[in-house]
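Listed below, chain by chain, are the residues.
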Amino acid sequence: MKVLIVGGGGREHAIASALLRDERVSELVCAPGNGGIAKLARCVPVKATDIEGQVALALEEKPDLVVVAPDDPLAMGLVDRLTEKGIRAFGPNAAAAQIEASKSFAKSLMEKYGIPTAACGVFDDAESARAYVKEKGAPIVVKADGLALGKGVTVASTVEEALEAVDSAFGGAFGAAGSRVVIEECLFGPEVSMLCFTDGKSIKTMVPSQDHKRVFDGDKGPNTGGMGAVSPVPCYTEEIHDRCVKEIFEPTVAAMNAEGCTFKGVLYCGLMLTENGPKVIEYNCRFGDPETQVVLPRLESSLLEIMLAITEERLSEVDVVWDKGACVTVVLASGGYPGKYQTGFEISGIEEAEKAGGLVFHAGTKAGENGAVLTSGGRVLAVSAKADDLDSALANAYAAAEKIDFEGKHFRTDIGCHAK
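Here is a short report on the structure shown in this document. As the structure is a prediction and not an experimental result, all values here were calculated from the model.

We now examine the overall build of the chain. A count of helical and extended segments in the chain gives 13 helices and 22 strands. Radius of gyration (C-alpha) of the chain: 20 Å, near the 22 Å computed for a compact globule of 420 residues. Counting only C-alpha atoms, the chain reaches 60 × 45 × 45 Å along its principal axes. Of the contacts formed within the chain by residues at least 6 apart in sequence, a portion of 67% connects residues at least 24 apart. Accessible area of the chain: about 16,800 Å², with a carbon and sulfur share of 48%.

Listed below in structure tokens is the structure:
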């Protein structure tokens, strides 16, 4: 089978690697791909957000399956357009992708159907939002309503910081994504990412993972797209899982059905395990990044078969099996990320890291001259490693990460600090 993957980051590299474990995958095409994905797939320089370009590419390539991985093309309706053309596509349609593309939609959904989440207010102007912040006080969370590359959230420890976040959003820092703002109470407890396969009828949960959003050790500095992740998460017990299934996962899928927005694909639930029980921090409409880089290496079943089953609404017939071990990923970023950073630096040590047992997923890389690999983004590589237990996986991941070098290389040294 020929599979076309839309996207070009570490998540897509992990998806490509997982798909190739099924011998039925005879050809992979990726648009736009990156320097690492190019070793697994034929990369075509079409941007993920170029909807008409992606449709034209699919019509030309005639893949048996298109996997739409990033949030933007999902929200922009790429799956809808492909389906209209008779092309099988994996991922939610635009109506279902609202669960991530609009935080106000998600909050309204949870409030209407009694899904546990933080209390909040939704505002379309800075004056009202500022008044709400002053009334509620700090700590408080300010979120741009739309898609902001994982950077539209400010957990403000002071009222002044929250007011700055409000002014920044309405001042255009996130473009149209910040034209509406959601302000939430600040929840406390361990954070867990739970991803679920669903065809709108049944749900198959993945193994839990835990992301590390802040750029510096000790959870300091600005939020990023993610600096590393671990799986499993010791505090996420079977008892908590059963409660999440009954109170969050199943009700969310049912709520989307009731709203006429049937969700088919990967539903990501960002959870806070509070003293009053698990609550939803956010939904995503796709595989998380870098969570995918620790979850998919633990998948023993065929990812291709799961995706096909979801498109055919027969997920209940598929066994989804996970290994009993652990996986850790450490993100190597460009110096200055998530602010301004330089690119074009040559990367060394990737082969040595892989020989040491690392699974090196390329995020922001491109091919240079004479086989060189160059940096091309903020998050450059996600270095993953597996082991029988979390401590060993952490040691393996860091040992592999240390073998890789490029100018400005930055990474957190405390990934897994919340899983101890």
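Now, onward.
With the rule as written, the count across this model stands at zero disulfides. With no disulfide of its own, cysteine 327 lies 17 Å from the sulfur of cysteine 417, the closest cysteine sulfur. The exposure class assigned to cysteine 327 is buried, which follows from its relative accessible area of 0%.

Attention shifts here to the nonpolar core. Generally speaking, soluble globular proteins have nonpolar side chains that are buried together. Counting residues in each nonpolar core, the largest one holds 48 residues, and the members touching the most others are Val66, Leu82, Ile99, Tyr236, Phe249, Leu271 and Tyr283. The element best represented in this core is helix α9 (residues 238-258), accounting for seven residues. Residues within four places of leucine 82 in sequence aside, it is in contact with Val55, Ala58, Val66, Val68, Ile87 and Ala89. Counting residues in hydrophobic clusters, the runner-up holds 39 residues, among them Val3, Leu65, Val207 and Val266.

We now examine the packing of aromatic side chains. All told, the structure shown has four aromatic pairs when counted by the stated rule. Each ring, one from phenylalanine 197 and one from phenylalanine 287, has its centre 6.1 Å from the other, and the planes form 80°; the classification is edge-to-face. Separated by 90 residues along the polypeptide, phenylalanine 197 in strand β10 (residues 191-198) and phenylalanine 287 in the loop between β17 (277-284) and α10 (292-295) bring together distant segments of the chain. Neither phenylalanine 197 nor phenylalanine 287 differs from the other in exposure class; each is buried.

Buried within helix α5 (residues 94-101) are the following residues: Ala96, Ala97, Ile99 and Glu100. The buried residues of α5 occupy an angular sector of 120° when projected down its axis, which confines them to one face.

It is worth spelling out the packing of α5 against helix α6 (residues 103-113) at this point. Where α5 contacts α6, the axes come no closer than 6 Å and their chain directions differ by 95°. It follows from the interaxial angle that α5 and α6 lie roughly perpendicular. Contacts between α5 and α6 involve Gln98, Ile99, Glu100 and Ala101 from the first element and Lys103, Phe105, Ala106 and Leu109 from the second.

Now for the sheet that holds strand β1 (residues 2-7). Read across the open sheet, the five strands follow the order β3-β2-β1-β4-β5; overall the sheet is parallel. Looking at strand neighbours, the two that pair on one side only are β3 (42-43) and β5 (89-90), the edges of this open sheet. The pairing of β1 with strand β2 (residues 27-32) spans six bridges and is classified as parallel. Within β2, the position partnered with leucine 4 by the bridge is valine 29. Those strands touched by helix α2 (residues 51-61) are β1, β2, β3 and β4 (65-68), and its axis lies near 170° from that of β1. Along the sheet, helix α11 (residues 303-311) makes contact with β1, β4 and β5, crossing β4 at roughly 95°.

Bringing the environment of lysine 143 into the picture now. Here lysine 143 shows up in strand β7 (residues 140-144). C-alpha of lysine 143 to C-alpha of glycine 221: the two residues are 78 residues apart in sequence and 17 Å apart in space. Setting aside anything within four residues of it in sequence, one finds lysine 143 in contact with Lys103, Gly152, Val153, Arg180, Val181, Val182, Glu184 and Ile281. A polar contact is formed between the side chain of lysine 143 and the side chain of glutamate 184, at a distance of 3.2 Å.

Further remarks concern helix α13 (residues 390-401). Taking 1.5 Å as the rise per residue, α13 with 12 residues should run 16 Å; its terminal C-alpha atoms sit 16 Å apart, in good agreement. Every buried residue belonging to α13 is among Leu390, Ala393, Leu394, Ala397, Tyr398, Ala400 and Ala401, and all of these are buried. Projected down its long axis, α13 carries its buried residues within an arc of 160°, all on one side. For α13, the elements touching its buried residues are β15 (228-231), β18 (326-333), α12 (350-355) and β22 (379-387). The opening residue of α13 is aspartate 389, an N-cap whose side-chain oxygen sits 3.2 Å from the backbone nitrogen of aspartate 391.

Position of threonine 117 among the secondary structure elements: in the loop between α6 and β6 (120-123). For threonine 117, a relative accessible area of 17% puts it in the buried group. From its side chain, threonine 117 meets the backbone oxygen of valine 280 in a polar contact 2.7 Å long. Sequence-distant contacts of threonine 117, defined by excluding residues within four places in its chain, comprise Lys107, Met110, Lys279 and Val280.

With that settled, the discussion passes to the pattern of salt bridges. Between side chains of opposite charge, a pair can form as their charged atoms come close. Overall, the coordinates contain 28 salt bridges when judged by the stated rule. As a salt-bridge pair, glutamate 305 and arginine 24 come within 3.2 Å of each other at their nearest N and O atoms. In this pair, glutamate 305 is assigned in helix α11 and arginine 24 in the loop between α1 (10-19) and β2, connecting sequence segments 281 residues apart. Lysine 213 is the salt-bridge partner of aspartate 211, the closest N and O atoms lying 3.3 Å from each other. The class for lysine 213 is partly exposed, based on a relative accessible area of 28%.

One can describe the packing of helix α7 (residues 126-136) onto helix α8 (residues 159-170) by two numbers: an axis separation of 10 Å at closest approach and a directional angle of 165°. Judged on the interaxial angle alone, α8 and α7 are roughly antiparallel. The handedness of the crossing between α7 and α8 comes out as right-handed. In contact with Ala126, Ala129, Arg130, Val133 and Lys134 of α7, α8 contributes Val159, Ala162, Leu163, Val166, Asp167 and Phe170. Looking at the contact of α7 with α8, its residues break down into eight nonpolar, no polar and three charged.

Rules behind the numbers
- Residues numbered from 1 in each chain as written.
- Predicted model: local features only at pLDDT ≥ 70, side-chain atom pairs only at ≥ 80, totals over all residues.
- Heavy atoms only, no water.
- Helix = DSSP H or I, 4+ residues; strand = E, 2+ residues; numbered from the N terminus.
- Rg over C-alpha atoms; globule rule 2.2 N^0.38 Å.
- Contact = heavy atoms within 4.5 Å.
- Areas by Shrake-Rupley, 256 points an atom, 1.4 Å probe, with all protein chains shown as cover.
- Disulfide = S-S within 2.5 Å.
- Buried < 20%, exposed > 50% of the residue type's maximum accessible area, 1.4 Å probe, protein only.
- Core = buried A, V, L, I, M, F, W, Y, C linked by side-chain atoms within 4.5 Å.
- Phe/Tyr/Trp six-rings, centres within 6.5 Å; stacked < 30°, edge-to-face > 60°.
- Arc of directions from axis to C-beta.
- Axes fitted to C-alpha atoms, helices over the stretch in contact; angles between N-to-C directions.
- Parallel < 35°, antiparallel > 145°, perpendicular 65-115°, else oblique.
- Pairing = 2+ DSSP bridges.
- Polar contact = N/O pair within 3.5 Å; in protein donor to acceptor, adjacent residues only side chain to side chain.
- Expected span 1.5 Å × (residues − 1).
- Salt bridge = Lys/Arg side-chain N within 4 Å of Asp/Glu carboxyl O.
- Left-handed = near helix turned anticlockwise from the far one by under 90°.
- Nonpolar A, V, L, I, M, F, W, Y, C, P; charged D, E, K, R; others polar.

These results come straight from atomic positions and should not be treated as a statement about function.
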